[in-house]
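Chain residues, written in single-letter form:
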Amino acid sequence: MQVTVKLFAFFRDGRFKEEGREYPAGTVVGDVVDELGIGRDEVGVVMINSLQRSLESPIGDGDVVAIFPVIGGG
Amino acid sequence: MNRLGDFLRQRAASGTIALADAREAAATFRRPLPEIEEQALHLNIMPLRYLRNGLRCQEQLSLVQARVGIIGCGGLGGTVAALLARLGIGRLRLVDPDCFEEHNLNRQRFATIDSLGRPKTESARRAISSINPAVVVEAVVRPFTEADIEAVDIVVDGLDDAGKRLELAAHCTNLDRPLVHGAVRDWHGQTGVATARNRLIATLYPNVREDSASKPPVNVLAPTVTVIAAIQAAETCKLILGVDSPLGRNWMLCDLLEDVFEHIPA
């Protein structure tokens, strides 16, 4: 299935801002994170089609997945 | 009070009063300077230092009467404290257990060669007294407690640890205090106003618990800190003045590499 993945802040470094990618049926957001080489503990907000979801949420054909990093410094 | 009022009216030129005259009133009537300036604002006389804020006396009085707690007084917290002092927030409670270290010098407002090894909040209090002597600053050198939140109207998040942020947000929710959040890393920052309704901090840190182990310190650039702290100070001011803000409904991500600010629904 075809999924649009959007990355934010330093997750873009060495990757991309937005890209169409192919994933098999049954893929969850955490699988996308793993495939991109992002540590799951580095992930903050994730959204599917602008609604907040979790790493365990399944994604479907045509979905837009947005992945934001944890930003914690002060 | 009438004699003080007469004194202030007599010294007020074009509806403003200079610091030297306010100090003379404080000495003559044996009152603290903040009380003198508050009284002037009640009489529609603007302390000269606030003239270019462009606010009405009643609005400036709201700022002068406000109590803001700044939890964490390093990068974000220190810069927010300096900005709120210039705006004229009357009471600042600064809470931080730490002393300045050399690696703070790249970004922390009150970190100087002379302040190394000294408590951050004490250094901030001293510096603020020369920015605005009419601000009452409480410098608290210990980790925050619920009592710190109870003592103020609005809380500013200057922490650098997600678990502690959740703990702070829990206190703010319990006591119904808005929490003006900010966080930074490298060229990126985020900010928003957390309330009991939007549960913003839990949204931003979904995989963290209050007792989660602290992460190693992250890299932060001074411009990122300054931008996010400036937005936190503006949001604090708007909360006090009752000005509606998009950051009451959204959080904002700031990318200084791309010069992009994005609102994301809270």
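Predicted model only: the values in this text are computed from it and were never measured.

**Notes on the overall build of chain A**
For chain A, the count of helices and strands is 1 helix and 5 strands. Ordered by position from the N terminus, the helices and strands of chain A form the series β-β-α-β-β-β. In terms of principal-axis extent, the alpha carbons of chain A reach across some 40 × 25 × 20 Å. Every one of the 74 residues in chain A was classed for burial, and the buried ones make up 51%. Counting every atom, chain A has about 3,200 Å² of accessible surface; 48% of that belongs to carbon and sulfur. Of the charged side chains in chain A, 7 are positive and 12 negative; the average position of the first set lies 6 Å away from that of the second.

**Looking at the UniProt feature "domain: THIF-type NAD/FAD binding fold" (unreviewed entry) in chain B**
UniProt annotation of "domain: THIF-type NAD/FAD binding fold" (unreviewed entry) refers to residues 58-259 of chain B when read in the numbering used here. In this annotation, residues 58-259 of chain B is assigned 38% helix and 19% strand; the end-to-end C-alpha distance for the span is 36 Å.

**Concerning the interface of chain B and chain A**
How big an interface is tends to be stated in terms of accessible area lost as the parts join. Taken together, the contacts link 29 residues of chain B with 20 residues of chain A. At the boundary of chain B and chain A, one finds 3 salt bridges. Remark: the boundary between chain B and chain A carries 10 residue pairs in polar contact (both at pLDDT 80 or more). Of all the secondary-structure elements, those providing two or more residues to the side of chain B that touches chain A are helix 5 (75-87), strand 7 (179-185), strand 8 (188-194), helix 9 (200-204), strand 9 (250-255) and strand 10 (260-265) of chain B. Class assignment for the residues of the side of chain B that touches chain A results in 12 nonpolar, 8 polar and 9 charged.

**Notes on the pattern of salt bridges**
All names here are of chain B. For the structure on display, the rule yields 21 salt bridges over all chains. A salt bridge links D148 to R93, with the shortest nitrogen-to-oxygen separation between them at 2.9 Å. Separated by 55 residues along the polypeptide, D148 in helix 7 (residues 146-150) and R93 in strand 4 (residues 91-95) bring together distant segments of the chain. Look at R93 and you get buried, because its relative accessible area is 13%. Notably, a salt bridge pairs R125 with E122, separated by 2.8 Å at the nearest N-O pair.

**Some points on the packing of helix 4 (residues 57-65) of chain B against helix 10 (residues 222-241) of chain B**
Residues and elements named next belong to chain B. Orientation of helix 4 relative to helix 10, taken along the N-to-C sense of each, is 115°, at an axis distance of 9 Å. By the angle between their directions, the pair helix 4 and helix 10 is classed as roughly perpendicular. Two packed elements cross with a definite hand, and for helix 4 against helix 10 that hand is right-handed. Of the residues in helix 10, those touching helix 4 at E59, S62 and L63 are C237, I240 and L241. Of the residues assigned to the contact of helix 4 with helix 10, the class counts are 4 nonpolar, 1 polar and 1 charged.

About the cut-offs
- Counting from 1, residues in each chain are numbered in the order their sequence is written.
- Lettering of chains starts at A and numbering of ligands starts at 1, both following the order in which they are written.
- Totals for whole chains, interfaces and linings use all residues, but because this is a predicted model, local features are given only for residues with pLDDT of at least 70 and pairs of side-chain atoms are given and counted only at 80 or more.
- Neither water nor hydrogens contribute to the side-chain values; these are computed over all heavy atoms in the structure.
- Secondary structure elements follow DSSP: runs of H or I of four or more residues count as helices, runs of E of two or more count as strands, with numbering from the N terminus.
- Categorising residues by exposure relies on relative accessible area from a 1.4 Å probe, with only protein chains included: less than 20% of the type maximum marks a residue as buried, more than 50% marks it as exposed, and the intermediate range marks it as partly exposed.
- Accessible surface is estimated by sampling points in the Shrake-Rupley manner with a 1.4 Å probe; for residues, cover comes only from the protein chains shown.
- Charge counting follows a simple rule: Lys and Arg are positive, Asp and Glu are negative, and His as well as the terminal groups are ignored.
- Charge coordinates come from a single atom per side chain, which is NZ of Lys, CZ of Arg, CG of Asp or CD of Glu.
- UniProt positions are given in the numbering used here, feature names are shortened, and annotations may be inferred rather than shown by experiment.
- Contact criterion: two residues are considered in contact whenever any of their non-hydrogen atoms come within 4.5 Å of each other.
- Salt bridge, as used here: a side-chain nitrogen of Lys or Arg that lies within 4 Å of a carboxyl oxygen of Asp or Glu.
- Polar contact is defined as a pair of N or O atoms within 3.5 Å, subject to the rule that within protein one atom must be able to donate a hydrogen and the other to accept it, and that residues adjacent in sequence are counted only when both atoms are side-chain atoms.
- When residues are sorted by character, Ala, Val, Leu, Ile, Met, Phe, Trp, Tyr, Cys and Pro go into the nonpolar class, Asp, Glu, Lys and Arg into the charged class, and all the rest, Gly among them, into the polar class.
- To define axes, lines are fitted to C-alpha atoms, for helices over the stretch in contact only, and angles between the resulting N-to-C directions are given on a 0 to 180 degree scale.
- Each angle is binned into one of four classes, with values under 35 degrees roughly parallel, values over 145 roughly antiparallel, values of 65 to 115 roughly perpendicular, and all other values oblique.
- We call a crossing left-handed when the near helix sits turned anticlockwise from the far one by less than a right angle, and right-handed when that turn is clockwise.

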